[in-house]
Amino acid sequence: MIRVRGLNKWFGEHHVLRDIDLHVARGEVVVVIGPSGSGKSTLCRCLNRLETAQQGEVVIDGVPAPLEGRELARLRADVGMVFQSFNLFQHKTVLENITLAPMKVRGVSRPEAERTARELLARVGIGEQAGKLPGQLSGGQQQRAAIARALAMRPKVMLFDEPTSALDPEMVGEVLDVMTGLAADGMTMVVVTHEMGFARRAADRVVFMADGQIVEQGAPAAFFDRPQTDRARDFLAKVLTH
């Protein structure tokens with residue numbers, strides 16, 4: 001579903017991504033972890049061209065990711081994105097937030113868009129919040145609304161860029177539960193996160209990044225119990241003992 005080859009990205013003199021190769025199979029859940037500044041979020045944003053890499057290619061479902069125009073809009077319709085800061089329209093209700101893109105981009109009728117939106121809100125556990133503004137919801141509810149909004153486009157792939165890092169600790173679980181359910185339903189997912197429990201529980205594969213490179217990757221049990229590199233062992237020793 002996703003193929004990344006030879007991806008290199010610079011911000012000025014800073015070499016953020018270094019020769020990244022990554023394949024994600026249809027229905028696979030890949031969780032990307034690593035220290036801050038390792039390039040995880042930049043990689044995630046390169047997958048739907050929110051950031052443009054200077055070298056390399058990104059192919060989604062057999063089609064090279066375009067740089068601009070209608071083809072890029074079509075790519076972004078097929079690749080759902082959930083950010084750490086929700087990015088909901090604050091002046092529109094939750095229902096309006098979810099129906100806007102399917103109607104404008106996919107040409108879905110309002111009744112169908114609203115029916116789908118209500119089904120998705122129920123699926124993520126906030127069906128009763130449809131008529132509220134985002135500011136009237138908790139952070140966890142806003143993030144679940146953002147997930148429903150991405151799902152309303154019927155994407156082929158879902159990207160999550162640290163979706164729980166802006167949440168209070170007691171709200172993290174409700175968002176991770178929704179994501180675990182998506183994984184169980186077979187959604188292709190790339191998840192950048194600091195939540196090691198989610199990585200161990202929901203991932204098919206863990207990708208560990210450091211200094212702009214993929215240092216190590218493997219099945220969760222193998223990675224967490226028997227990391228192969230000193231860099232991964234050092235990282236895990238720090239994050240799993242606190």
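Source: prediction; values computed, not measured. (Residues numbered from 1 in each chain as written. Predicted model: local features only at pLDDT ≥ 70, side-chain atom pairs only at ≥ 80, totals over all residues. Heavy atoms only, no water.)

### Here we look at helix H1 (residues 40–47)
Counting buried residues along H1, 6 of its 8 residues qualify, which places the element largely inside the surrounding structure. Among the residues making up H1, those that are buried are Lys 40, Thr 42, Leu 43, Cys 44, Cys 46 and Leu 47. Arg 49 sits one or two residues past H1 and shows a positive phi near 65°. (Buried < 20%, exposed > 50% of the residue type's maximum accessible area, 1.4 Å probe, protein only. Helix = DSSP H or I, 4+ residues; strand = E, 2+ residues; numbered from the N terminus.)

### Points about the packing of helix H5 (residues 139–151) against helix H6 (residues 169–184)
Here H5 crosses H6 at 20°, and the two axes come no closer than 8 Å. Looking at the two axes, H5 sits roughly parallel to H6. Crossing of H5 against H6: the hand is right-handed. Of the residues in H6, those touching H5 at Gly 139, Gly 140, Gln 141, Gln 143, Arg 144, Ile 147 and Leu 151 are Met 171, Glu 174, Val 175, Val 178, Met 179 and Leu 182. (Axes fitted to C-alpha atoms, helices over the stretch in contact; angles between N-to-C directions. Parallel < 35°, antiparallel > 145°, perpendicular 65-115°, else oblique. Left-handed = near helix turned anticlockwise from the far one by under 90°. Contact = heavy atoms within 4.5 Å.)

### Some words on the packing of helix H3 (residues 94–104) against helix H4 (residues 110–123)
Packing of H3 against H4 brings their axes to within 9 Å, and their N-to-C directions diverge by 130°. The orientation of H3 relative to H4 falls into the category oblique. Of the two elements, H3 crosses H4, and the hand of that crossing is right-handed. Of the residues in H4, those touching H3 at Val 94, Leu 95, Ile 98, Thr 99 and Met 103 are Arg 110, Ala 113, Glu 114, Ala 117, Arg 118 and Leu 121. Residue classes in the contact of H3 with H4 are distributed as 7 nonpolar, 1 polar and 3 charged. (Nonpolar A, V, L, I, M, F, W, Y, C, P; charged D, E, K, R; others polar.)

### Observations regarding the nonpolar core
Nonpolar side chains in soluble globular proteins tend to end up buried together. Ranked by size, the top nonpolar core spans 50 residues in total, and within it Ile 33, Ile 147, Met 158, Phe 160, Met 179 and Met 189 carry the most contacts. Counting residues per element, this core draws most heavily on H6, which supplies 8 residues. Once you skip the residues sitting within four places of it in the chain, Ile 147 turns out to touch Val 82, Met 158, Phe 160, Val 175, Val 178, Met 179 and Leu 182. Val 4, Leu 7, Leu 43 and Ile 60 belong to the second largest nonpolar core, which has 29 residues in total. (Core = buried A, V, L, I, M, F, W, Y, C linked by side-chain atoms within 4.5 Å.)

Note that every value here comes from positions in space, so none of it alone points to a role or purpose.
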